[in-house]
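Residues per chain are reported as follows:
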Amino acid sequence: MTANRRARGALLLLVGTLVSWLPVTAAPRLRCQVDQGGVTRVLEFQPVADPYGVEAIPINDRFGFKAVLVGDARRVAYVKIYVYARALRQPVLLHLVKYLDPVAQPDPAASALTGLNFVYSPPLEQELQYGCALAEVAP
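Draft legend 1. Summary view of the overall build of the protein. Looking only at helices and strands, the protein has 1 helix and 8 strands in total. Classification of the 139 residues of the protein by burial places 32% in the buried group. The long-range share in the protein, meaning contacts at least 24 apart out of those at least 6 apart in sequence, stands at 42%. In the structure as shown, the protein presents an accessible area of about 9,300 Å², 56% of it carried by carbon and sulfur atoms.

Have a look at this one:
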């Protein structure tokens, strides 16, 4: 029985050593810096298989911001970013942009993917600014 335990322990040590040599793959994350009314928020989004389940995030009760990454931990097929004006009856789409096959970067600038965007709501001309980057994030 002790020889069996020693063999099992040696096998576990070997497997642990081999696993530690495997490269750690980074997963893509979209980081967006959103500024509205003097308040800045950093939002982070991860890949999803179903884009229809993603909800817009309320920004100062004036806007809704939604970013959808369709893909998995290895590859993002596309990124869509939506900005809505929050209205009494239903949200009104103000801005939609789509990036096909974006490439995640190890340490991107804050708005490397999108550049800096300015979106205005019609009735009160409120301004929302945002910039996003697709980053590689280690697990």
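Continuing now.
Draft legend 2. Just the sheet that holds strand E2 (residues 39-45), in detail. Overall, antiparallel pairing links the 4 strands, which are arranged E2-E1-E8-E7 in an open sheet. The open sheet is flanked by E2 and strand E7 (117-120), the only strands paired with a single partner. The average angle at which neighbouring strand axes cross in this sheet is 25°, direction not considered. Pairing of strand E1 (residues 27-36) with E2, which is carried by 7 bridges, proceeds in the antiparallel orientation. For Leu-30, the partnering residue across the bridge sits in E2 and is Phe-45.

Draft legend 3. Looking closely at the sheet that holds strand E4 (residues 63-71). Strands sit in the order E3-E4-E5-E6 across an open sheet of 4 strands; the sheet is antiparallel. The open sheet has two edge strands with one neighbour each: strand E3 (57-59) and strand E6 (92-100). With strand direction ignored, the average angle separating the axes of adjacent strands in the sheet is 20°. Note: strand E5 (residues 76-85) against E6, 8 bridges, orientation antiparallel.

Draft legend 4. Seen up close, the environment of Ala-49. Topologically, Ala-49 is positioned in the loop between E2 and E3. Between the C-alpha atoms of Ala-49 and Leu-69, which are 20 residues apart in sequence, the distance is 8.4 Å. For Ala-49, the residues in contact, after removing those within four places along its chain, are Val-70 and Gly-71.

Draft legend 5. A look at the packing of aromatic side chains. Considering all chains together, one arrives at 3 aromatic pairs under this definition. Here Tyr-82 and Tyr-84 contribute two aromatic rings whose centre-to-centre distance is 6.1 Å and whose plane-to-plane angle is 5°, an arrangement assigned as stacked. With respect to class, Tyr-82 is no different from Tyr-84; both count as buried. Each residue in the set Phe-45, Phe-65 and Tyr-130 is aromatic and connected to the rest through ring pairs, giving one cluster.

Draft legend 6. View of the state of the cysteines. Inspection of the entire model under this criterion finds 1 disulfide. Sulfur-sulfur distance for the disulfide between Cys-32 and Cys-132 comes to 2.1 Å. Measuring the twist about the S-S bond at about 110°, one finds the Cys-32-Cys-132 disulfide to be right-handed. On the criterion of sequence distance, the pair formed by Cys-32 in strand E1 and Cys-132 in strand E8 (residues 127-137) is long-range, its members being 100 residues apart. No difference in accessibility class separates Cys-32 from Cys-132, as the two residues are buried.

Conventions used here
Residues numbered from 1 in each chain as written. Predicted model: local features only at pLDDT ≥ 70, side-chain atom pairs only at ≥ 80, totals over all residues. Heavy atoms only, no water. Helix = DSSP H or I, 4+ residues; strand = E, 2+ residues; numbered from the N terminus. Buried < 20%, exposed > 50% of the residue type's maximum accessible area, 1.4 Å probe, protein only. Contact = heavy atoms within 4.5 Å. Areas by Shrake-Rupley, 256 points an atom, 1.4 Å probe, with all protein chains shown as cover. Pairing = 2+ DSSP bridges. Axes fitted to C-alpha atoms, helices over the stretch in contact; angles between N-to-C directions. Phe/Tyr/Trp six-rings, centres within 6.5 Å; stacked < 30°, edge-to-face > 60°. Disulfide = S-S within 2.5 Å.

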